[in-house]
Amino acid sequence: MAFLKISTSRKCSQILLQEPFRNDVYARLVRSLTSNANGLAEQHQQRRNSSVVSGPSAIDTKPKFDPLDTSFANPEATFKSKTTWEIFRAYIVYQLCSSSYLVENNMKLMKLCKAVFGEKLFTVMMKMTFYGHFVAGEDQYRIVPTLKRLRSFGVKPILDYSVEEDLSQEEAEKREVESSMSEIEKRDQDAAQKEGSVSAETVGGSLPQYHVDKQFADRRYKVQSARTYFYLNEATCERNMEVFTNCLHAVAGATYGTGITAIKLTALGRPQLLLQLSEVIMRARTLASEIMGGKGNVIGQHLTLEELDKRLFQAGIKDTKKFLEKVTKDSQGVIHLFPWSGLLDENSELSDSFRVPCLKEGRMVRLLSQLSKKEEEMFRNMVHRLNTLVQTAKDLDVRIMIDAEQTYFQPAISRLTLELMQKYNTEKAIVFNTYQCYLKETLNEVKTDLNQAKRQKFFFGAKLVRGAYIDQERARAAALGYADPTNPSYEATTETYHQTLTECLTRIKVLKDQGDDCSKIGIMVASHNEDTVRFALSQMKEIGISPEDKVICFGQLLGMCDFITFPLGQAGYSAYKYIPYGPVNEVLPYLSRRAMENKGVLKKLVKERTLLRKELFRRILRGQFFYKPNGNYTPV
């Protein structure tokens, strides 16, 4: 996979991709940006130093921010970062997105245009329309001017290399089924039972949710807004890791430690391993609930190790010495019953980690069917890739955001992410987890994870989203016969989002009131819903959290909801744009999803289109045909 195409010429690409030349080119591209940022930083510091002077002059030396209109209805404030041509282009793109026929057939039409006009002319057409509006550029070097302009208007980037394979449904299903079954299952279903699955099912019963089903093997089914990776082999995972690494370096080189890179765990390993680990985690929760007598999770009960040993002994389970040695505890009691920290140990054996006590059976049982040596190696490879990426982020002093995925992967993803937080978020929040608020259990999950961060003394980072997979999750639950994990309505999802955000903000306030470091909790409000953004702003004001505390940030996609992002950034709030980039022909699936997503948010689309039209007319009346954006804002 050509992950750094910077020329249509293969020969030129090979020259440019040589490490010394590449670094030199990139250094030149960002040098002016670095100089500008350093100048802004010096000015900002000078203003801060002079602000101690008494009298009226002190007010003038503070950084100047625009007042925030929380109606988000000011077109001039929204689009001052755009040229008049870009406003016109955005208006045309939104007009096209309002056509049901064009949106529903967008991929077919794009391929037809490419066939009719040829690749070069098609590329020009895309850059003048959808690609130019929704994508920052073709590679990590060509996006630098966009990042520079965003920064000058108070907005920071979340980089995402958005190249996707254009797979048929049949090919996607084939890959997913093959990569989601263990070698034992493929060889002999009976052998799988002999290796421990019978013992596993005594803890929590059958869990069909965590097994592949051909009907839903194409994970793009009913999903419009999330990118999907389909496992092919370990080499593709290595290439994905290289792509993510390049994103981290791009963030570090062009955003001065303020940027973020987004990654997906399904890009870094075999889906089967995430499925099996998720199943283990859910069975472990059932087991922990039994041990606690149905009183909730272990971390909230302050159970001592001695009390745990006594309960197991009374249940007739005697061979628990090794298990108890691995229990995670602190001065307040037991935190975890299971050795989750071993997941990040590249030398540990996964299948040996989950032999646990079962009260019903009165004995130790295995929660994970035996993995083959090859599968153990694959898991260790995935963990190695994760450790490498997060260590790189820490070395470069940038952040890494791990995206949420389907519920049958999410327990494993969240568990691994929390262990990464514990290992790397020791001085600041490097790793962020993502919580989907359309799920019923999101608030409880966040509370538990906040408690864990407090008890184990690591910085907690969270991105709150409504979620991308709700329609697929509902259909899958109904078809496979397990409880629907999603909220029943959009309003219920909004309530969960607001409750979860309030919980996080309240805990930040507690830290602040105690004189503790309130940056121990960092939250991104990733929402295109202006009511949710207004709610977050009002809660910040009510609780007493200011933008300068740098614990709350806001994020939206590039090309969407500019009327929210830019006024926030220009008013001194921490604002981010999710920045996709990649070669034109290889981001067509991404562009297709953006068109579909815009169709699904017609209310916001109408508002943004109205604001674009107003600003376009305003500039025409003032003769600002060649308006050149010139921002002088400093991102918080």
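The chain is annotated in an unreviewed UniProt entry as Proline dehydrogenase from Acyrthosiphon pisum. Per UniProt, the comment on the chain under Catalytic activity (unreviewed entry) is "L-proline + a quinone = (S)-1-pyrroline-5-carboxylate + a quinol + H(+)". Looking at the chain in UniProt, the text filed under Function (unreviewed entry) is "Converts proline to delta-1-pyrroline-5-carboxylate."

Trainee: What should I look at first to understand the layout of surface pockets in this one?
Mentor: Which parts of space are left empty comes out when a probe the size of a water molecule is rolled across the atoms. By volume, the second largest pocket amounts to about 1300 Å³. Along the walls of the second largest pocket sit 43 residues, with I281, M282, R285, E441 and E445 positioned nearest its centre. Those elements that provide at least two residues to the lining of the second largest pocket are α15 (271-291), β4 (333-336), α19 (410-424), β8 (431-436) and α20 (442-456). Classifying every residue of the lining of the second largest pocket by side-chain character gives 21 nonpolar, 15 polar and seven charged.

Trainee: Sorry if this is basic, but what is going on with the packing of aromatic side chains here?
Mentor: How two aromatic rings sit relative to each other is set out by the distance from centre to centre and by the angle between their planes. Inspection of every chain in the model, using the stated rule, returns eight aromatic pairs. Consider the rings of Y435 and F460, whose centres lie 6.2 Å apart with planes at 35°: the pair is tilted. Separated by 25 residues along the polypeptide, Y435 in strand β8 and F460 in strand β9 (residues 460-465) bring together distant segments of the chain. Judged on exposure class, the residue Y435 and its partner F460 are both buried. Above the face of the F230 ring, R219 is positioned so that its terminal group lies 5.1 Å from the ring centre. Above the ring of Y497, the side-chain terminus of R466 is found at 5.3 Å from the ring centroid.

Trainee: How do you make sense of the pairing of strand β6 (residues 363-366) when you look at a structure like this?
Mentor: Consecutive residues of a regular strand have side chains that alternate between opposite faces of the sheet. Looking at chain direction, strand β5 (residues 355-358) and β6 are connected through four bridges and run antiparallel. Within β6, the position partnered with V356 by the bridge is V365. In this structure, the hairpin formed by β5 and β6 is closed by a connection of four residues, where G362 is found at a positive phi of approximately 70°.

Trainee: Got a minute to help me understand the nonpolar core in this structure?
Mentor: A general feature of soluble globular proteins is that nonpolar side chains tend to end up buried together. One finds I523, I552, F554 and L591 to be the most contacted residues of the largest nonpolar core, which totals 161 residues. Broken down by element, this core gets its largest block of residues, ten residues, from α15. Setting aside residues no more than four positions away along its own chain, I523 makes contact with F460, A462, L464, L501, C504, I508, V551, I552 and C553. Residues V223, A468, Y469 and I470 belong to the second largest nonpolar core, which totals seven residues.

Trainee: How should I be thinking about a nonpolar patch on the surface in this particular structure?
Mentor: A surface patch of nonpolar side chains, amounting to about 820 Å² of accessible area, comprises W85, F88, I92, L112, V116, F117, L121, V124 and M128. Mapped by element, the contributors of at least two residues to the nonpolar patch are α5 (84-97), α7 (106-117) and α8 (119-128). In this structure, F88 sits in helix α5. Given a relative accessible area of 39%, F88 falls into the partly exposed group.

Trainee: I keep staring at the packing of α15 against helix α18 (residues 373-396) and nothing clicks. Help me out?
Mentor: Relative orientation of the contacting elements α15 and α18 amounts to 90°, with a least axis distance of 10 Å. Here α18 runs roughly perpendicular to α15, going by the angle between their axes. Between α15 and α18, the residues in contact are Q272, L273, L274 and L277 and E375, M378, F379 and M382, respectively. A class-by-class count of the residues in the contact of α15 with α18 yields six nonpolar, one polar and one charged.

Trainee: What am I meant to see in the pattern of salt bridges here?
Mentor: Oppositely charged side chains are able to pair whenever their charged atoms sit close together. Within the structure shown, the criterion is met by 32 salt bridges. K428 serves as the salt-bridge partner of D397, at 2.8 Å between the closest nitrogen and oxygen. Highlighted residues: D397 in the loop between α18 and β7 (399-402) and K428 in the loop between α19 and β8, separated in sequence by 31 residues. Classification of K428 by relative accessible area gives partly exposed; the value is 35%. When salt bridges with common partners are traced through the structure, they connect E76, E615, R618 and R619 into a single cluster.

Trainee: I tried to follow the environment of F216 on my own but got confused; where do I start?
Mentor: Relative to the helices and strands, F216 resides in the loop between α13 (189-201) and α14 (234-255). The class for F216 is buried, based on a relative accessible area of 4%. Separated by 263 residues in the primary sequence, F216 and A479 have C-alpha atoms spaced 9.5 Å apart. Leave out the neighbours within four places in its chain, and F216 touches Y221, Y408, A475, R476 and A479.

Definitions and limits used
Residues numbered from 1 in each chain as written. Predicted model: local features only at pLDDT ≥ 70, side-chain atom pairs only at ≥ 80, totals over all residues. Heavy atoms only, no water. UniProt positions renumbered as here; feature names shortened; annotations may be inferred. 1 Å grid on protein atoms, 1.4 Å probe; cavity = no way out; pocket = protein on both sides within 12 Å on 5 of 7 lines; lining within 4 Å. Points joined across faces, edges and corners; volume = space filled by probe spheres on them. Helix = DSSP H or I, 4+ residues; strand = E, 2+ residues; numbered from the N terminus. Nonpolar A, V, L, I, M, F, W, Y, C, P; charged D, E, K, R; others polar. Phe/Tyr/Trp six-rings, centres within 6.5 Å; stacked < 30°, edge-to-face > 60°. Buried < 20%, exposed > 50% of the residue type's maximum accessible area, 1.4 Å probe, protein only. Lys NZ or Arg CZ within 6 Å of the ring centre and 35° of its normal. Pairing = 2+ DSSP bridges. Core = buried A, V, L, I, M, F, W, Y, C linked by side-chain atoms within 4.5 Å. Contact = heavy atoms within 4.5 Å. Patch = residues over 30% accessible without salt bridge, like charges linked within 9 Å, V, L, I, M, F, W, Y side chains within 5 Å. Areas by Shrake-Rupley, 256 points an atom, 1.4 Å probe, with all protein chains shown as cover. Salt bridge = Lys/Arg side-chain N within 4 Å of Asp/Glu carboxyl O. Axes fitted to C-alpha atoms, helices over the stretch in contact; angles between N-to-C directions. Parallel < 35°, antiparallel > 145°, perpendicular 65-115°, else oblique.

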